[in-house]
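# Summary of structural features
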Amino acid sequence: MTVLRSGTATDTGLVRSSNQDLGIATSSLFAVADGMGGHAGGEVASKVAIEALQQAFGQHPSGPGLAEAVSSANTAVWVASQERADLRGMGTTLTAVALVNEGGRDVLALVNVGDSRSYRFHDGELTQITTDHSLAEEMVRNGEITPAEAMVHPHRHILTRALGVSPEVSADLWRIRPEQGDRYLLCSDGLTNELSDDEITEILASIHSPQDAVESLVQAARDHGGSDNITAVLVDVIIGDSDDGSTPAVMPVEPGAFGDDPSASVAGDGASPTTATGDAAAPAAGGAFVESDTLKGRERRRARRRERRRKGARRLLTFRALLVVVILAAVIYGAFYAVRWYNNNSFFVKTHDNQLVIYQGRIGGFLWYHPVVVQHTGVRPSNVPAPYLPSITAGVQESSLANARTYVKNLKAAQKSTQTTTPPPVPTTTTTTTTTTTVPAPPTTAAGGI
Ligand code: MN
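A short tour of the structure in this document, coming up. (Residues numbered from 1 in each chain as written. Predicted model: local features only at pLDDT ≥ 70, side-chain atom pairs only at ≥ 80, totals over all residues. Heavy atoms only, no water.)

### Some thoughts on the environment of glycine 240
Heads up, the rule is: Only DSSP runs of H or I with at least four residues qualify as helices, and only runs of E with at least two residues qualify as strands; both kinds are numbered from the N terminus onward. Each residue's exposure class comes from its accessible area (1.4 Å probe, protein chains only) as a fraction of the maximum for that residue type: buried when under 20%, exposed when over 50%, partly exposed otherwise. Contacts are assigned to residue pairs that have any heavy atoms within 4.5 Å of one another.
Topologically, glycine 240 is positioned in the loop between β11 (230-239) and β12 (250-253). Given a relative accessible area of 18%, glycine 240 falls into the buried group. Note: C-alpha distance between glycine 240 and threonine 2 (238 residues apart in sequence) is 4.7 Å. Those residues in contact with glycine 240 that sit more than four places away from it in its chain are Met1, Thr2, Pro178 and Gln180.

If you want it as structure tokens, here you go:
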């Protein structure tokens with residue numbers, strides 16, 4: 001026989017214009033949802049999720065029933081988000097605890113998706129049961145940042161798991177022995193972002209009534225700035241089991257493991273509940289209830305966590321390597337393209353086989369590009385004014401094919417004028433040469449070479 005008493009409080013906070021949080025406390029089901037996704041989406045998501053959860057759990061008020069209810073809630077939010085364009089992408093966090101009966105014993109079943117949290121307050125000590133499904137929390141687990149850094153990390157609100165954002169959801173599950181005097185706090189991140197564990201502990205330790213306690217918690221979060229919606233649900237175990245020390249009070253559960261005979265599946269050999277609770281903060285990937293030796297089980301869970309971390313690091317490495325390759329490829333492609341463009345937009349005039357020839361490219365070639373003959377002009381060097389011959393022999397660079405042709409044409413014209421009238425003044429050696437097209441370039445050597 002277990003008797004629970006609860007309190008619930010929520011507040012929009014001082015910054016947000018609407019409250020997208022939702023908290024409920026019924027006789028056997030307690031939940032907090034923190035909706036997200038646009039102006040309307042967040043409010044709809046948390047409401048749809050909680051309603052679907054309540055409805056589904058009401059039909060199957062059991063451990064497996066709660067797990068299924070989370071799945072139903074996910075489907076309900078997902079379907080609603082697909083039906084209306086303005087709700088697309090909405091989702092919600094959900095943490096819920098339910099009093100269920102397993103094999104004649106009262107058990108608290110706890111679920112979590114997202115970064116709302118559930119805490120256990122036992123013997124004056126506050127322990128976080130759930131693990132945030134947020135990017136910042138993952139970085140803490142991977143040792144990339146400290147918990148203190150996570151509190152102010154720009155990615156602390158980015159969720160790695162949420163309800164209703166895809167057709168399927170994976171929820172973390174726990175089975176808890178309801179011990180007399182224990183308090184379970186369910187809350188949205190609007191509370192935990194404003195209050196430290198010590199501040200929460202102080203309120204839970206000093207205020208007896210659960211309703212007064214949650215109201216005090218929400219008020220304290222408001223006093224700290226209230227930058228987000230704040231929701232808290234407190235569940236007190238008035239009458240419950242007494243701790244006989246034989247089993248950990250809080251145990252992570254594999255999906256579908258509710259309903260197993262708890263006495264057969266408990267992973268304890270006298271380990272203190274505190275240790276087990278601490279370990280429960282990171283639910284095991286598999287077989288949480290199959291280990292017969294707590295220490296061994298914990299070791300394996302640690303190994304599994306290490307393995308996941310290693311895989312995560314490898315994925316990150318692979319991604320970085322790929323990024324480097326892509327950027328390098330882009331740079332190389334860009335360089336090739338620039339070289340080709342530079343080469344293809346260069347022309348020069350040079351004597352070859354006793355005539356003036358127009359080439360595409362740079363005089364003497366450019367990197368791997370060799371000059372290509374564009375036109376044999378048929379103009380003999382003897383048809384060109386003598387002063388220009390040295391530069392034409394070396395090659396005269398022009399910026400376009402038209403300019404190169406104009407240059408040849410002008411050379412011919414200059415020769416004609418020297419034949420009919422006076423010879424043109426021998427050009428002086430200046431440096432402004434190659435791009436002039438109306439007048440033939442003066443005879444500088446190595447004109448336009450690079
Ligand atoms: Mn929030």
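### A short note on the nonpolar core
As a reminder, the rule being used: Nonpolar cores are built from buried Ala, Val, Leu, Ile, Met, Phe, Trp, Tyr and Cys residues. Side-chain atoms within 4.5 Å join them into one set.
By size, the foremost hydrophobic cluster in this structure holds 31 residues, and its most contacted members are Leu53, Leu66, Val70 and Leu94. Contributions of two or more residues to this core are made by β3 (29-36), α1 (41-59), α2 (63-83), β5 (94-102) and β6 (105-113). Ranked by residue count, the leading element in this core is α1, at seven residues. Valine 70 has contacts with Leu53, Leu94, Val111, Val113, Leu163, Val169 and Ala171, leaving out every residue within four places of it along the chain. Core analysis: the next-biggest nonpolar cluster, separate from the first, contains 20 residues, Leu204, Val214, Ala221 and Ala232 among them.

### Here we look at the packing of helix α6 (residues 197-206) against helix α7 (residues 210-223)
Which entries qualify depends on this criterion: The axes used here are C-alpha line fits, helices contributing only the stretch in contact, and every angle between their N-to-C directions lies in the interval 0 to 180 degrees. Here roughly perpendicular refers to angles of 65 to 115 degrees, roughly parallel to angles under 35, roughly antiparallel to angles over 145, and oblique to all remaining angles. Definitions for this section: a left-handed crossing has its near helix turned counterclockwise from the far helix by less than a right angle. A right-handed crossing has that turn clockwise. Note that Gly is not counted as nonpolar here; it falls among the polar residues with everything else outside the nonpolar set of Ala, Val, Leu, Ile, Met, Phe, Trp, Tyr, Cys and Pro and the charged set of Asp, Glu, Lys and Arg.
Across the interface, α6 lies against α7 with an axial gap of 9 Å and an inter-helix angle of 150 degrees. Overall, the two elements α6 and α7 adopt an arrangement that is roughly antiparallel. Where α6 crosses over α7, the handedness of that crossing is right-handed. Counting all contacts with α6, which are made through Ile200, Ile203 and Leu204, the residues of α7 involved are Ala213, Ser216, Leu217 and Ala220. Class assignment of the residues belonging to the contact of α6 with α7 gives a composition of six nonpolar, one polar and no charged.

### A few points about the pairing of β6
Both faces of the sheet carry side chains from a regular strand, because those side chains alternate between them. Let me state the cut-off plainly: What makes two strands pair is DSSP finding at least two bridges between them.
The buried fraction of β6 is high, at eight of nine residues. Here β5 pairs with β6 via nine bridges, running antiparallel. Looking across to β6, one finds that alanine 98 is bridged to alanine 109. The loop that links β5 with its antiparallel partner β6 comprises two residues; one of these, glycine 103, has a positive phi angle of about 55 degrees. As defined by bridge partners, β6 adjoins strand β9 (residues 172-176) across five bridges and the pair is classed as antiparallel. Residue pairing across strands places asparagine 112 opposite aspartate 172, the latter belonging to β9.

### Some words on the coordination of the manganese ion
Ideal coordination angles are 109.5 degrees for a metal with four donors arranged tetrahedrally and 90 or 180 degrees for a metal with six donors arranged octahedrally. For clarity, the cut-off: Sites may look incomplete because water is not among the atoms; the donors themselves are N, O and S atoms within 2.8 Å of the metal, or within 3.2 Å for Na, K and Ca.
Distances from the manganese ion to its protein donors, Asp34 (OD), Asp189 (OD) and Asp228 (OD), fall at 2.1 to 2.2 Å. Along the chain, the residues donating to the manganese ion fall in the pattern D-x154-D-x38-D. Taken as a pair, aspartate 34 in strand β3 and aspartate 228 in the loop between α7 and β11 lie far apart in primary sequence, 194 residues in all.

### Let's talk about the sheet that holds strand β14 (residues 355-360)
An order of β15-β14-β13-β16 is seen for the four strands of this open sheet, with the pairing classed as antiparallel. If you trace the sheet from one side to the other, it starts and ends with β15 (372-376) and β16 (396-398), each paired once. Here the strands of the sheet are splayed against their neighbours by 35 degrees on average, with no regard to which way each runs. In this structure, β14 lies alongside β15, joined through four bridges in antiparallel fashion.

### Description of the pattern of salt bridges
For clarity, the threshold we go by: Counted as salt bridges are all cases of a side-chain nitrogen of Lys or Arg within 4 Å of a carboxyl oxygen of Asp or Glu.
Taken as a whole and assessed by the stated rule, the structure comprises 12 salt bridges. Arginine 183 is the salt-bridge partner of aspartate 236, the closest N and O atoms lying 2.9 Å from each other. Residue aspartate 236 is located in strand β11, and its partner arginine 183 is located in strand β10 (residues 183-187); the two are separated by 53 residues in the primary sequence. Note on arginine 183: relative accessible area 6%, which makes it buried. It is possible to trace a salt-bridge network through shared partners that takes in Arg120, Arg177, Glu179 and Asp182.

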